[in-house]
Amino acid sequence: MPSGPLAARWLAYELEPPRAGARGRARLRVENAGSATWRSRGGEGVQLSYHWLDPLGNPVHWDGLRAALPRPVPPGEQVELDLPVLAPRPPGRYRLAFDFVEENRFWFSEVGQAPLEVETEVLPRIAQRRLAVVVHGGADPETAAALAAQEEPVVETEPAAVAHLVPGALPAPDWSRRILDAHAEGWEAVGPGIEPLGLRKLRSLDPWKPGGGRNPRFGPPLLLPSLLAGLDPGLYEAYPAYTGNEGVFDGRIVIRLRPRSGRPGA
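Structure report, in brief.

Cut-offs applied
Within each chain, residues carry numbers counting from 1 in the order of the written sequence. Whole-chain, interface and lining totals are the exception, using all residues; otherwise, since this is a predicted model, local features are given only for residues with pLDDT of at least 70 and side-chain atom pairs are given and counted only at 80 or more. Hydrogen atoms and water are omitted, and side-chain values are computed over all heavy atoms in the structure. A run of H or I in DSSP becomes a helix once it reaches four residues, and a run of E becomes a strand once it reaches two; helices and strands are each numbered from the N terminus. Using C-alpha atoms as the atom set, the radius of gyration is obtained and then compared with a globule rule of 2.2 Å times the number of residues to the power 0.38. When accessible area is computed with a 1.4 Å probe and restricted to protein chains, residues below 20% of their type maximum are described as buried, those above 50% as exposed, and intermediate ones as partly exposed. Should any heavy atoms of two residues lie within 4.5 Å, those residues are counted as being in contact. Computed with a 1.4 Å probe, the accessible areas rest on the Shrake-Rupley method; for each residue, only the protein chains presented here act as cover. His is not counted, nor are the chain ends, whereas Lys and Arg count as positive and Asp and Glu as negative. Charge placement uses NZ in Lys and CZ in Arg. For Asp and Glu, CG and CD serve respectively. The term nonpolar core refers to a set of buried residues drawn from Ala, Val, Leu, Ile, Met, Phe, Trp, Tyr and Cys, joined through side-chain atoms within 4.5 Å. In the sections that follow, a salt bridge refers to a side-chain nitrogen of Lys or Arg positioned within 4 Å of a carboxyl oxygen of Asp or Glu. Any N or O atom pair separated by 3.5 Å or less is treated as a polar contact, with the protein-specific requirement of one donor-capable and one acceptor-capable atom, and with residues adjacent in sequence counted only for side-chain atom pairs. Strands are treated as partners if at least two bridges between them are detected by DSSP. Here, axes are lines fitted to C-alpha atoms. For helices the fit covers the stretch in contact, and angles between N-to-C directions go from 0 to 180 degrees.

### A few points about the overall build of the protein chain
On a plain count of helices and strands, the protein chain comes out with two helices and 20 strands. A compact globule built from 266 residues should have a C-alpha radius of gyration of about 18 Å, whereas the protein chain, at 24 Å, is more than 25% larger. Expressed as lengths along the three principal axes of its C-alpha atoms, the size of the protein chain is roughly 75 × 30 × 30 Å. Looking at the protein chain residue by residue over its 266 residues, the buried ones come to 46%. Intrachain contacts of the protein chain at a sequence separation of at least 6 include 72% that bridge at least 24 residues. Of the roughly 12900 Å² of accessible surface on the protein chain, a fraction of 50% belongs to carbon and sulfur atoms. Here the protein chain contributes 30 positively and 32 negatively charged side chains, and the mean placements of these two sets differ by 4 Å.

Structural data, given as structure tokens:
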């Protein structure tokens, strides 16, 4: 039984099946088992949050999203809270530890209160490995042939993700597999390395050259991206592009780009 000024008795919880890199929801019922009233004051005071731990209890991601109290909770009273939960990457087995925090001061677990730890399976971000392709401007024979040679065939219906290409884009044979791997890992947008072909090697594409590993803090927009179904690309220098914060550049994913009229420098 918890005791002391700040103590919580965990009574019940519900958790949406978490998917890697995605925001879900938990609902908890908890009792103030201490001797001090819990109060939230905007972003201050007592808040419900969580930590992600590995199966051995080591922190993977500390300091999760917050849920403020809807009202002061005096000793002995119960409250139900909806808590947004952002799942970690990659999918796998984790412990989800629900914890209260006195904002900017301490976590309840730091002053003797046991958090509620839940063994949790984080699922892949995409439920099915189904990748569709839109070629903006219409597919030419070479692009169509490159898509037909993919390790994981592209689909036309019910995609989990949609890749946005241009005529003259020639994805490497492992492109579809690597794209789907990155989406399953938890990314809503995946940008490939781009290798221009022909006599004119476009210097403007140097920031997107292939090589290296994954970079989730890539500064420029992701060109020729693959996006989770429901997301639409913007444009950057006449290329389909993604400018959000939940994307990753992967230089191991390669698209060769033939010169083509209608694009800058092509």
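### Topic: helix 2 (residues 175–185)
Residues that lie three or four places apart on an α-helix share one face, since the helix turns once every 3.6 residues. When helix 2 is considered as a whole, its buried residues turn out to be W175, S176, I179, L180, A182, H183 and A184. In the stretch just after helix 2, G186 is the one whose phi turns positive, near 135 degrees.

### Side note on the nonpolar core
Of all hydrophobic cores here, the largest spans 35 residues; its most connected members are L165, W175 and L224. Those elements giving two or more residues to this core turn out to be strand 11 (131–135), strand 12 (161–165), helix 2, strand 14 (189–196), strand 16 (222–223), strand 17 (226–228), strand 19 (239–242) and strand 20 (247–257). Setting aside its immediate chain neighbours within four residues, L224 contacts H164, L165, V166, A169, P192, I194, Y239, P240 and I255. Counting residues in each nonpolar core, the second largest holds 29 residues, with V46, L69, L81 and F106 among its members.

### A closer look at the pattern of salt bridges
In a structure, side chains of opposite charge can pair up when their charged atoms sit close to one another. In total, this model carries 24 salt bridges according to the counting rule given. Residue R258 pairs with E142 through a salt bridge whose shortest N-O separation is 3.1 Å. With R258 in the segment after strand 20 and E142 in helix 1 (residues 141–148), this pair connects stretches of sequence that are 116 residues apart. D250 serves as the salt-bridge partner of R252, at 3.0 Å between the closest nitrogen and oxygen. Judged by relative accessible area, which is 1%, D250 ranks as buried.

### Overview of the side chain of T143
Positionally, T143 belongs in helix 1. In terms of polar contacts, T143 uses its side chain to reach the backbone amide nitrogen of G168, at 3.1 Å. Once residues lying within four places of it in the same chain are set aside, the contact partners of T143 are V135, V166, P167, G168, A169 and L170.

### Considering the sheet that holds strand 1 (residues 8–15)
Ordered by their spatial adjacency, three strands build an open sheet running 1-2-7, and the pairing between neighbours is antiparallel. Looking at strand neighbours, the two that pair on one side only are strand 1 and strand 7 (78–86), the edges of this open sheet. Across the sheet, the axes of successive neighbouring strands diverge by a mean angle of 25 degrees, strand direction being ignored. Where strand 2 (residues 23–32) lies against strand 7, nine bridges are found, and the strand directions are antiparallel.

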